Amino acid sequence: GQNIDQPTEMTATEGAIVQINCTYQTSGFNGLFWYQQHAGEAPTFLSYNVLDGLEEKGRFSSFLSRSKGYSYLLLKELQMKDSASYLCAVSSYNTNAGKSTFGDGTTLTVKP
Amino acid sequence: GAVVSQHPSRVICKSGTSVKIECRSLDFQATTMFWYRQFPKQSLMLMATSNEGSKATYEQGVEKDKFLINHASLTLSTLTVTSAHPEDSSFYICSAITGGPVSTFGSGTRLTVV
């Protein structure tokens, strides 16, 4: 099976930087995803990492270390609209292609 | 970009009745779709993998006779919750593979069984 751990809640200030960590254990690793989900809405895709290193996309960056089973999502210049749940999800070769296992999500609250 | 349309967005039904939820890929063909369920303040739990033209693959603990999945075309998968009970009240979300490993989610369906 797959174990995915991420903090339950985080709080940060508008304009600041926040890092949301995710650790995982899986066999046949085939990529790690980050999604953003606002309350009552479906998740939206943020990033996908399959190789080690940092992927930058605007204010959001995602990092992966496969040897450590570790990833983080970095959010810069935080805005109030960034308050949401952030889901880490892992895909494995041992499952059907495209099927991911989700962590419990990190609820981020951005304060003025 | 790829769009996955899901209907209805909200539905309230009486206990014992059945509810059908549709998931459509609007501008691409989806041979595989996924159905998830999400309870309040919890993460997405995969219920089943829907395969066009064949039987769905259900995750352990999911009753296939209660959650009927039909994927009769390359653009449509349906989930029918049969004999719904209040404990089936949840947020149901579908997703489809749009290319490579990335999936696109539908907008979700909030089901309330009274």
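What you see is a predicted model, and the numbers here were worked out from it, not measured in a lab. (Residues numbered from 1 in each chain as written. Chains lettered and ligands numbered in written order. Predicted model: local features only at pLDDT ≥ 70, side-chain atom pairs only at ≥ 80, totals over all residues. Heavy atoms only, no water.)

K.L.:
Just checking my understanding: could you explain the layout of surface pockets for this structure?
P.N.:
Vacant regions in the atomic arrangement are exposed by a probe of water-molecule size rolled over the atoms. Space inside the largest pocket adds up to approximately 570 Å³. Along its surface, the largest pocket is lined by 25 residues, and A:Ser85, A:Thr107, B:Pro40, B:Lys41 and B:Gln42 are the ones closest to its centre. Broken down by secondary-structure element, the contributors of at least two residues to the lining of the largest pocket are strand 1 (3–5), strand 9 (84–92) and strand 11 (106–111) of chain A. Top contributing element to the lining of the largest pocket by residue count: strand 9 of chain A, with 3 residues. Of the residues in the lining of the largest pocket, the class split is 7 nonpolar, 12 polar and 6 charged. (1 Å grid on protein atoms, 1.4 Å probe; cavity = no way out; pocket = protein on both sides within 12 Å on 5 of 7 lines; lining within 4 Å. Points joined across faces, edges and corners; volume = space filled by probe spheres on them. Helix = DSSP H or I, 4+ residues; strand = E, 2+ residues; numbered from the N terminus. Nonpolar A, V, L, I, M, F, W, Y, C, P; charged D, E, K, R; others polar.)

K.L.:
What should I look at first to understand the environment of A:Asp5 in this one?
P.N.:
Mapped onto the elements of the fold, A:Asp5 is located in strand 1. In the structure, A:Asp5 is positioned 26 residues away from A:Gly31 in sequence and 16 Å away in space, judged by C-alpha atoms.

K.L.:
Got a minute to help me understand the interface of chain A and chain B in this structure?
P.N.:
It is common to give the size of an interface as the accessible area lost on bringing the parts into contact. At the junction of the two partners, chain A supplies 18 residues and chain B supplies 19 residues. Here chain A and chain B share an interface that buries about 1400 Å² over both sides, 61% of which is from carbon and sulfur atoms. Put simply, chain A and chain B have 0 salt bridges between them. Scanning the region where chain A abuts chain B turns up 2 residue pairs in polar contact (both at pLDDT 80 or more). Elements that contribute at least two residues to the side of chain A that touches chain B include exactly strand 4 (29–37), strand 5 (44–49) and strand 10 (100–102) of chain A. Within the side of chain A that touches chain B, the residues separate by chemical class into 9 nonpolar, 6 polar and 3 charged. (Contact = heavy atoms within 4.5 Å. Buried area = accessible area lost by both parts, 1.4 Å probe. Salt bridge = Lys/Arg side-chain N within 4 Å of Asp/Glu carboxyl O. Polar contact = N/O pair within 3.5 Å; in protein donor to acceptor, adjacent residues only side chain to side chain.)

K.L.:
Is there a simple way to explain the pattern of salt bridges in this structure?
P.N.:
Two side chains carrying opposite charge are able to pair once their charged atoms lie near each other. Residue and element names in this part refer to chain A. One pass over the structure, following the stated rule, counts 5 salt bridges over all chains. With its nearest N and O atoms 3.7 Å apart, the salt bridge here joins Glu 56 to Lys 76. Of this pair, Glu 56 sits in strand 6 (residues 53–57) while Lys 76 sits in the loop between strand 8 (70–75) and strand 9; the two residues are 20 residues apart in sequence, bridging distant segments of the chain. The exposure class of Glu 56 is exposed, given its relative accessible area of 57%. With a relative accessible area of 29%, Lys 76 lands in the partly exposed category. (Buried < 20%, exposed > 50% of the residue type's maximum accessible area, 1.4 Å probe, protein only.)

K.L.:
What should I look at first to understand the pairing of strand 4 (residues 32–38) of chain B in this one?
P.N.:
In summary, the side chains of a regular strand alternate between the two faces of the sheet. Residue and element names in this part refer to chain B. The element strand 4 is largely enclosed, with a buried count of 7 among its 7 residues. Looking at chain direction, strand 4 and strand 5 (residues 45–51) are connected through 6 bridges and run antiparallel. Residue pairing across strands places Tyr 36 opposite Leu 46, the latter belonging to strand 5. Counted along the chain from strand 4 to the antiparallel partner strand 5, the turn is 6 residues long, and its residue Lys 41 has a positive phi close to 60°. Pairing between strand 4 and strand 9 (residues 90–99): 6 bridges, direction antiparallel. Its bridge partner lying in strand 9, Tyr 36 is registered against Ile 93. (Pairing = 2+ DSSP bridges.)

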